[in-house]
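Remarks on the overall topology
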Amino acid sequence: MNQQPPPASRTPANRDSLSSTCTHLTRAPWLSIVMPVHDEAAGIVQTLIALSRLRAGGDCEVIVVDGGSTDGTPSLARPLCDAVLSSEPGRARQMNAGAARARGEWLLFLHADTDLPDNTLALLKEAVTTHRRSDWGRFDVSIKGESPWLPMIAAMMNLRSRLTSISTGDQTQFVQRSTFEAIGGFADMPLMEDIWLSAQLKHLTPPMNLTARVTTSGRRWETHGVWRTIVKMWGLRLAAWCGVSPARLARLYGYRAAAQACEQRGMPHA
């Protein structure tokens, strides 16, 4: 099943509502990495230190967008990135806010529990040069964890994505900023904004499917059970296709903060 969820409304980021701390670079970077976070204090320092090599040459900036953390994540992130923004919870809103602040020609949306290859900049520049007809893409993914099922899950994700041109945030999506702005950014929805984005982009240009691998945490699968998580995620996709409201989907997923934000914005919750 590769159906995209139904369209959702899009709301531009309100720059005046964002609080930010910036380290101004002497020139505009080529790549802007946007990282949405929520209560990531346990790993945010290690994640951002790993990105310091990409920032060192000035071709890359890192923008962290916090969605209401209560564990001090913004304070830990601030010395290790170029900007820390505050946004309403929900990855779509957070990533739109980061994209609005970004200065790079290309945007890369990175989860806080995902590690990029060391040569990410070189890989992306080579891909962009080679695939001139493509305005977006994603990496293959590896999932780290103890479960012996995780390599198979990663392999199936990569194969499905290659066959359908639909990708997820775990695979670290990247897109030319002008193209991202042309489609209005991420849809204002609490879940599956990554699937929605790739579903829109694949109608414009084919994706760049990089065989280089990002490594993401398997904590979601191991905490809730591998097969239970798979069934749950496909069930949520089916529910979205059948018209279940964004707020209700967020509650079914367990994302209460995003569900409450949806309800406060007047989105239905049945």
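The following paragraphs examine the structure supplied in this document. On a predicted model such as this, the values are computed, not experimentally measured, just so you know.

We now examine the side chain of Arg138. Within the element layout of this structure, Arg138 appears in strand S7 (residues 136-144). A polar side-chain atom of Arg138 sits 3.2 Å from a polar atom in the side chain of Asn209. In this structure, Arg138 is in contact with Asn158, Ser161, Arg162, Ser167, Gln171, Thr172, Gln173, Phe174, Met208, Asn209 and Leu210, ignoring residues within four places of it in sequence.

Attention now goes to the packing of aromatic side chains. Across all of its chains, the model carries 6 aromatic pairs by this definition. Their ring planes at 40° and their centres at 5.3 Å tell us that Phe109 and Phe180 sit as a pair that is tilted. Of this pair, Phe109 sits in strand S5 (residues 106-109) while Phe180 sits in helix H6 (residues 177-182), and the two are 71 residues apart along the sequence. Here Phe109 matches Phe180 in class, with each residue buried. Ring geometry for Phe139 versus Phe174: centroids 5.8 Å apart, planes at 70°, classification edge-to-face. Here Phe139 is found in strand S7, whereas its partner Phe174 is found in strand S8 (residues 174-176), with 35 residues between them in sequence. Across this residue pair, the class does not change: Phe139 and Phe174 are buried. Among the aromatic residues, ring-to-ring pairing joins Trp30, Trp106, Phe139 and Phe174 into one connected group.

For the rest of this paragraph, the subject is the nonpolar core. Counting 37 residues, the largest nonpolar core has Leu31, Ile33, Leu51 and Leu108 as the members making the most contacts within it. Contributions of two or more residues to this core are made by strand S2 (31-37), helix H1 (44-56), strand S3 (60-66), S5, helix H4 (120-130), S7, helix H5 (150-164) and strand S9 (208-217). The greatest single-element share of this core, amounting to 5 residues, is contributed by H4. Setting aside anything within four residues of it in sequence, one finds Leu31 in contact with Asp59, Cys60, Glu61, Gly104, Trp106, Leu107, Leu108, Leu121 and Leu124. One finds Val65, Phe180, Ile183 and Leu197 within the second-largest nonpolar core, a separate group that totals 22 residues.

What counts, and at which threshold
- Residues numbered from 1 in each chain as written.
- Predicted model: local features only at pLDDT ≥ 70, side-chain atom pairs only at ≥ 80, totals over all residues.
- Heavy atoms only, no water.
- Helix = DSSP H or I, 4+ residues; strand = E, 2+ residues; numbered from the N terminus.
- Polar contact = N/O pair within 3.5 Å; in protein donor to acceptor, adjacent residues only side chain to side chain.
- Contact = heavy atoms within 4.5 Å.
- Phe/Tyr/Trp six-rings, centres within 6.5 Å; stacked < 30°, edge-to-face > 60°.
- Buried < 20%, exposed > 50% of the residue type's maximum accessible area, 1.4 Å probe, protein only.
- Core = buried A, V, L, I, M, F, W, Y, C linked by side-chain atoms within 4.5 Å.

Scope: geometric values only; no functional claims are made or implied.
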